[in-house]
Amino acid sequence: MTIADNLARIQDSIRESCIRAGRSDGSVKLLAVSKFHPTEAVMEAVRAGQRLFGENRVQEASEKFPAIFDCVPDVSVHLIGNLQRNKVKNAVRLVSCIQSVDREELLAEIDRQAAIIGKTIDILFELHTAEDSKSGYADETALFRSIDLLDSKPHVRCRGLMTMAPLTDDETLIRRSFRALANAQRSCARRYPSLDFSELSMGMSSDYEIAIAEGSTMVRIGTAIFGERA
Ligand SMILES: *Cc1c(COP(=O)(O)O)cnc(C)c1O
């Protein structure tokens, strides 16, 4: 199977999951997670029509993507991994969205660095919804505390929420995690009617069909597109 074959198969499967869930075609975006895969693999996906990519590390993304942006300007990258404060400067220059915002300090630094280059950057707030995951806001109270600060952060544009389900075969636990994120989205939309919480980034190679059934608007898929990571 080539990367192009994998992309086509997953796009079909996303469409089928949408139909099963009674959702419209095109309501779920595919983020191709290219971490640990070389520029050539990304270019193969680009040639197959893929434009949206996800990377975990700023350093790795900045080694691969500037050359790709030069060839294909409408490619964009989302940062999906834990972000250290001292990497924010490079991150805001490179990516269109930071999905892994998980603390106030990070929000402040993203706004500060984006202001310096006159950019407004999209963000998702990452919520902790599974026992075995380490990242994300612990609960809605902690999340709300950060969202309350957005008024004073004009270079950050809220787009929604992100989570990682537990790594388990237990579908009930996975579903519970995705439902928790969908519930948090409803709470946020009610509490902050002037902000945009439309994006729900959830679902990976092993659980994206469940995520779509639970309302995901963006699935983050690596292994099923690019193969196992080295
Ligand atoms: C690696 C990663 C993915 C993709 O995982 P696969 O199982 O390879 O599809 C998705 N989201 C995050 C946050 C990741 O770190």
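Participant: Is there a simple way to explain the overall build of the protein chain in this structure?
Facilitator: Tallying secondary structure elements over the protein chain gives nine helices and eight strands in all. For the protein chain, the C-alpha radius of gyration of 17 Å lies close to 17 Å, the compact-globule estimate for 230 residues. The principal-axis extents of the C-alpha atoms in the protein chain amount to approximately 50 × 40 × 30 Å. Residues counted as buried form 51% of the 230 residues belonging to the protein chain. The contacts in the protein chain between residues at least 6 apart in sequence include a share of 60% that link residues at least 24 apart. Within the structure as shown, the protein chain displays about 10800 Å² of accessible surface, and the carbon and sulfur contribution to it stands at 48%. Counting 30 positive and 33 negative side-chain charges, the protein chain places the centres of these two groups 3 Å from one another.

Participant: Please clarify how the packing of aromatic side chains should be interpreted in this entry.
Facilitator: In this description, a pair of aromatic rings is defined by centroid distance and the angle of the planes. In this structure the tally under the stated criterion is five aromatic pairs. Arranged with centres 5.8 Å apart and planes meeting at 50°, the rings of Phe53 and Phe65 form a pair that is tilted. You can see Phe53 sitting in strand β2 (residues 52–55) and its partner Phe65 sitting in helix α3 (residues 58–71), a full twelve residues away along the chain. Aromatic pair Tyr192 and Phe197: ring centres 6.3 Å apart, planes at 40°, arrangement tilted. Among the aromatic residues, those joined into a cluster by ring pairs are Phe53, Phe65 and Phe69.

Participant: Would you mind showing me how to read the nonpolar core here?
Facilitator: Soluble globular proteins tend to bury their nonpolar side chains together. Of all hydrophobic cores here, the largest spans 66 residues; its most connected members are Ile98 and Phe125. Of the residues forming this core, the biggest block, six residues, is contributed by helix α7 (residues 171–191). The next biggest cluster of nonpolar side chains, apart from the first, holds eight residues, and it includes Val33, Leu52, Ile80 and Leu124.

Participant: Explain the layout of surface pockets to me, please; I cannot follow it from the model alone.
Facilitator: Empty pockets left among the atoms are what a rolling probe the size of a water molecule brings to light. For the largest pocket, the calculated volume is near 650 Å³. Lining the largest pocket are 25 residues, with Lys35, Asn56, Ile80, Met164 and Met204 positioned closest to its centre. Its boundaries defined by the atoms lining it, the second largest pocket holds a volume of some 180 Å³. The wall of the second largest pocket is formed by His128, Thr129, Ala130, Glu131, Pro166, Leu173, Arg176, Ser177 and Ala180.

Participant: Is there a simple way to explain the packing of helix α2 (residues 39–47) against α3 in this structure?
Facilitator: Two numbers describe how α2 lies on α3: the axes approach to 10 Å, and their chain directions differ by 40°. The two elements α2 and α3 meet at a crossing, and its hand is right-handed. Together, Thr39, Val42, Met43 and Val46 of α2 and Lys64, Phe65 and Ile68 of α3 make up the contact between the two elements. A breakdown of the residues in the contact of α2 with α3 according to their chemical character gives five nonpolar, one polar and one charged.

Participant: What's the story with the packing of helix α6 (residues 140–147) against α7 in this structure? I'm lost.
Facilitator: Any two packed helices are characterised by how steeply their axes cross, that is the angle between the axes, and by the distance between the axes. One can describe the packing of α6 onto α7 by two numbers: an axis separation of 12 Å at closest approach and a directional angle of 40°. The angle between the axes of α6 and α7 places the two elements in the oblique class. Relative to α7, the crossing made by α6 is right-handed. Only Asn183, Ala184, Ser187, Cys188 and Arg191 of α7 make contact with α6, whose side of the interface consists of Glu140, Leu143, Phe144 and Ile147. Of the residues contributing to the contact of α6 with α7, the split by class is five nonpolar, two polar and two charged.

Participant: Would you mind going over the side chain of Glu60 with me for this structure?
Facilitator: By the element assignment, Glu60 lies in helix α3. A residue is classified by how much of its surface remains accessible, and Glu60, at 15% relative accessible area, is buried. Setting aside its immediate chain neighbours within four residues, Glu60 contacts Ser34, Lys35, Phe36, His37 and Glu55.

Participant: What is the right way to look at the site of the ligand in this model?
Facilitator: Close to the ligand lie Val33, Lys35, Asn56, Ile80, Met164, Met204, Ser205, Arg220, Ile221, Gly222, Thr223 and Arg229. Side-chain polar atom of Arg229 to an oxygen atom of the ligand: 2.8 Å apart, as the coordinates give it. Against a free-state accessible area of 390 Å², the protein chains account for coverage of 92% of the ligand. At a threshold of 2 Å from the grid points, most atoms of the ligand map onto the largest pocket.

Calculation rules
Residues numbered from 1 in each chain as written. Predicted model: local features only at pLDDT ≥ 70, side-chain atom pairs only at ≥ 80, totals over all residues. Heavy atoms only, no water. Helix = DSSP H or I, 4+ residues; strand = E, 2+ residues; numbered from the N terminus. Rg over C-alpha atoms; globule rule 2.2 N^0.38 Å. Buried < 20%, exposed > 50% of the residue type's maximum accessible area, 1.4 Å probe, protein only. Contact = heavy atoms within 4.5 Å. Areas by Shrake-Rupley, 256 points an atom, 1.4 Å probe, with all protein chains shown as cover. Lys, Arg positive; Asp, Glu negative; His and termini not counted. Charge placed at Lys NZ, Arg CZ, Asp CG, Glu CD. Phe/Tyr/Trp six-rings, centres within 6.5 Å; stacked < 30°, edge-to-face > 60°. Core = buried A, V, L, I, M, F, W, Y, C linked by side-chain atoms within 4.5 Å. 1 Å grid on protein atoms, 1.4 Å probe; cavity = no way out; pocket = protein on both sides within 12 Å on 5 of 7 lines; lining within 4 Å. Points joined across faces, edges and corners; volume = space filled by probe spheres on them. Axes fitted to C-alpha atoms, helices over the stretch in contact; angles between N-to-C directions. Left-handed = near helix turned anticlockwise from the far one by under 90°. Nonpolar A, V, L, I, M, F, W, Y, C, P; charged D, E, K, R; others polar. Parallel < 35°, antiparallel > 145°, perpendicular 65-115°, else oblique. Near = heavy atom within 4 Å. Polar contact = N/O pair within 3.5 Å; in protein donor to acceptor, adjacent residues only side chain to side chain. Sits in = over half its atoms within 2 Å of the grid points.

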